[in-house]
Amino acid sequence: MTYYDITMRHTEKTFESLSHMQYDLFCKSNLVGRNILGTAIVLLGILEQENWWAILLVAYGCYLFTSKYSSANHTAHKLAKQITESGMDFPASRFLFKDHGMEIRPLEEKEKAGDVLLYGDVCRLGEDMYYFYLFRDQYGGYMVPKEQLADETSKFRGFLEEKTRLTFRSRSAPVLRLARRLSRSKS
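Residues numbered from 1 in each chain as written. Predicted model: local features only at pLDDT ≥ 70, side-chain atom pairs only at ≥ 80, totals over all residues. Heavy atoms only, no water.

### Describing the sheet that holds strand S3 (residues 101–106)
Keep this limit in mind: Two strands are said to pair when DSSP picks up at least two bridges between them. By definition, any uninterrupted DSSP run of H or I lasting at least four residues is a helix, any uninterrupted run of E lasting at least two residues is a strand, and each is numbered from the N terminus. Note on method: axes are straight lines fitted to C-alpha atoms, helices fitted across the in-contact stretch only, with angles between N-to-C directions ranging 0 to 180 degrees.
Read from one edge of the open sheet, four strands run S1-S2-S3-S4, paired in antiparallel fashion. Only two strands of the sheet have a single partner each, and these edge strands are strand S1 (2–9) and strand S4 (115–118). Taking each pair of neighbouring strands and ignoring which way they run, the sheet shows an average axis angle of 20°. One ladder, built from seven bridges, connects S1 with strand S2 (residues 92–98); its direction is antiparallel. Following the sheet pairing, Ile6 is matched in S2 by Phe95.

So this is what it looks like as structure tokens:
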């Protein structure tokens, strides 16, 4: 039985979104290190404000705070450029969510059976305003456009959390996540 049938066509922007979520889910220690180093460098710059190079320290510390996704963006843009320069189309897939896992089919080959990502093999779930993300490991994942789910985004979220036994990690504000959890517990 197929519970959901969803298509996803990548663009340069979706590569960027996928790499941002990948960074958020798998690179926490990098982010913590950047913030600690940035704070230390800015404080040193403030303490040494009489020296001409102090402004460089403050600027570099601020760069560390604001360039969180620079490496992720570089990778996503490089991949998109390679696809564009090769004359190929961006990847497009059809995802069939079944009892045991998600079947992944190339969009151009609708009748051909595809690879299967078993729900037990999903290691992280992510969510932003426009997509759900399923990561098989720290190196690769899949995006599910929320717009194709219409009014069933909450139901789909619950379906995947039940099947994978994982919870979605979101970039949304903590207040919004709390409100969503409270509304789910009432239903």
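There's more to say after this.
### A closer look at the nonpolar core
As a rule of thumb, nonpolar side chains are buried together in soluble globular proteins. What counts here: For the purposes of this section, nonpolar cores are sets of buried Ala, Val, Leu, Ile, Met, Phe, Trp, Tyr and Cys residues that join through side-chain atoms within 4.5 Å. Per-residue accessibility, obtained with a 1.4 Å probe over protein chains only, is compared with the maximum for each type, and a residue is labelled buried under 20%, exposed over 50%, and partly exposed between these values. We call two residues in contact whenever any of their non-hydrogen atoms come within 4.5 Å of each other.
Counting 27 residues, the largest nonpolar core has Phe97, Leu134, Val144, Phe156 and Leu160 as the members making the most contacts within it. Looking at this core, the elements that each hand over two or more residues are S1, helix H1 (12–26), S2, S3, strand S6 (131–137), strand S7 (140–145) and helix H5 (153–164). At five residues, S6 tops the list of elements feeding residues into this core. Non-local contacts of Phe156, meaning those with residues more than four positions away in its chain, are made with Tyr4, Ile6, Phe97, Phe132, Val144 and Leu149.

### Describing helix H3 (residues 54–66)
At 3.6 residues per turn, the α-helix brings residues three or four places apart onto the same side. As a reminder of what qualifies: A helix's residues, less one, multiplied by 1.5 Å, set its expected span.
Between the first and last C-alpha of H3 there are 19 Å, a value that for 13 residues agrees with the 18 Å anticipated at 1.5 Å per step. If you follow the buried residues of H3, they end up packed against helix H2 (28–47).

### Here we look at the pairing of S3
Regular strands place side chains that alternate from one sheet face to the opposite one. The buried count for S3 comes to five of six residues, which makes it a mostly enclosed element. As defined by bridge partners, S2 adjoins S3 across five bridges and the pair is classed as antiparallel. Directly across from Ser93, in S3, lies its bridge partner Pro106. With antiparallel pairing between neighbouring strands as the criterion, S2 and S3 make up a hairpin whose turn holds two residues. In terms of strand pairing, S3 meets S4 through four bridges, oriented antiparallel. In the sheet register, Glu103 faces S4, and the bridge partner there is Val116.

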